[in-house]
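Here is how the chains run, residue by residue.
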Amino acid sequence: MTVYPKNRKKSGLNKKALLAICVVLVVGALVVLEASNITHLFHHQAIVHPTASQSTKGEQAIPSNAPPGTSTTATNNSAQAGDDKNNGSTGSSATLLVPSGNFVSAHHITLAAPISSVCNTTPGAACTISFIKAGVTKSLTIETTDRGGSAYWNWKAQDIGLTSGTWSITAVATLNGQTKSASDAQDMEVSP
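Residues numbered from 1 in each chain as written. Predicted model: local features only at pLDDT ≥ 70, side-chain atom pairs only at ≥ 80, totals over all residues. Heavy atoms only, no water.

### Some remarks on the packing of aromatic side chains
Reasoning step 1: Under the counting rule described, the total for this entry stands at one aromatic pair.
Reasoning step 2: Relative to Trp-155, the ring of Phe-131 has its centre 5.1 Å away and its plane inclined at 45°; by these criteria the two rings are tilted. With Phe-131 in strand E3 (residues 126–133) and Trp-155 in strand E6 (residues 150–156), this pair connects stretches of sequence that are 24 residues apart.
Reasoning step 3: Classification of Phe-131 as buried rests on a relative accessible area of 0%. (Phe/Tyr/Trp six-rings, centres within 6.5 Å; stacked < 30°, edge-to-face > 60°. Helix = DSSP H or I, 4+ residues; strand = E, 2+ residues; numbered from the N terminus. Buried < 20%, exposed > 50% of the residue type's maximum accessible area, 1.4 Å probe, protein only.)

Shown next, in the form of C-alpha cells:
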C-alpha cells in the first residue's frame, strides 16, 4: 500500500495555508503602516504648514511682545532684537544675514484666506514682513527669530488691513544696530 498521495495532498494544504498567512501578515502590516502615516502608498501625505509656535528647525519661536495679528502702518527699521539671554541671539558680534524664505505662502489670495509667512535670517534677530501699495504700508508683527534663525506668522490679509489690489512684499531683519531687507520677486494680488 502506498501512502504518497495523502502526504502530497497534506503538503499542498500546508503550503496554501502558509501562503495565506503570509498574505494576511503583509496586508496587515501595510494597513498598520498606512494608518500610522509611515507609508503613503494608498494616500497622499498631508502638507503641514508651520504655525507661529512650530519651527521646522526644531526650535520654538520666541513670541514678540505684540499680540498676534497686530498691524502697524510703517516698517519699524529700528526694532531691537530684545534680551540676548533667552531669545536665541548669537551675541553682539553676529553678522546679520539678509532675510530669505517663503515670505507669503500664496501670491494670489482673498482677504479672508489664511496665509503663512516665514522669515529666515540670523538667530535672535527681529524680523517683520511689510506689504506696500500706493504709499501705504502694512506689516506683520515683529517677531524674534528662533535659534534656527526663523520667524513664523499665520494671518489673514483683512486682519492686518490689506485691501484689494497689488501689494509688494519686503522682509526686514534687525540685529544689534544692523538692518537688512529683501523684497519678494513677485507681488501679492489680493481679491475681495
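Moving on, there is more to tell.
### Re the confidence of the model for the protein chain
Reasoning step 1: Confidence along the protein chain averages 77 in pLDDT terms, with 65% of residues attaining 70 or more.
Reasoning step 2: Here residues 47–56 is a poorly scored stretch, pLDDT under 50, and it has 16 contacts once near neighbours within four places are set aside; other chains count.
Reasoning step 3: Note on residues 60–90: pLDDT under 50 across the span, and 61 contacts to partners over four residues away in sequence or across chains. (pLDDT = per-residue confidence, 0-100. Contact = heavy atoms within 4.5 Å.)

### Looking at the side chain of Thr-141
Reasoning step 1: Note that Thr-141 resides in the loop between strand E4 (136–139) and strand E5 (143–144).
Reasoning step 2: Relative accessible area serves as the criterion here: at 7%, Thr-141 is assigned to the buried category.
Reasoning step 3: A distance of 3.1 Å separates a polar atom in the side chain of Thr-141 from a polar atom in the side chain of Glu-143. (Polar contact = N/O pair within 3.5 Å; in protein donor to acceptor, adjacent residues only side chain to side chain.)

### Some points on the nonpolar core
Reasoning step 1: One finds Ile-129, Phe-131, Trp-153, Trp-155, Leu-162 and Met-188 to be the most contacted residues of the largest nonpolar core, which totals 22 residues.
Reasoning step 2: Listing elements by their share of this core, those giving two or more residues are strand E2 (114–120), E3, E6, strand E7 (165–175) and strand E9 (188–191).
Reasoning step 3: When near neighbours in sequence (up to four residues on either side) are disregarded, Trp-155 contacts Val-104, Ala-113, Pro-114, Ile-115, Ser-116, Ser-117, Phe-131, Leu-140, Ile-160, Leu-162 and Met-188.
Reasoning step 4: In terms of nonpolar packing, the next biggest core, distinct from the first, is built from five residues, Ala-94, Leu-96, Ala-125 and Leu-175 among them. (Core = buried A, V, L, I, M, F, W, Y, C linked by side-chain atoms within 4.5 Å.)

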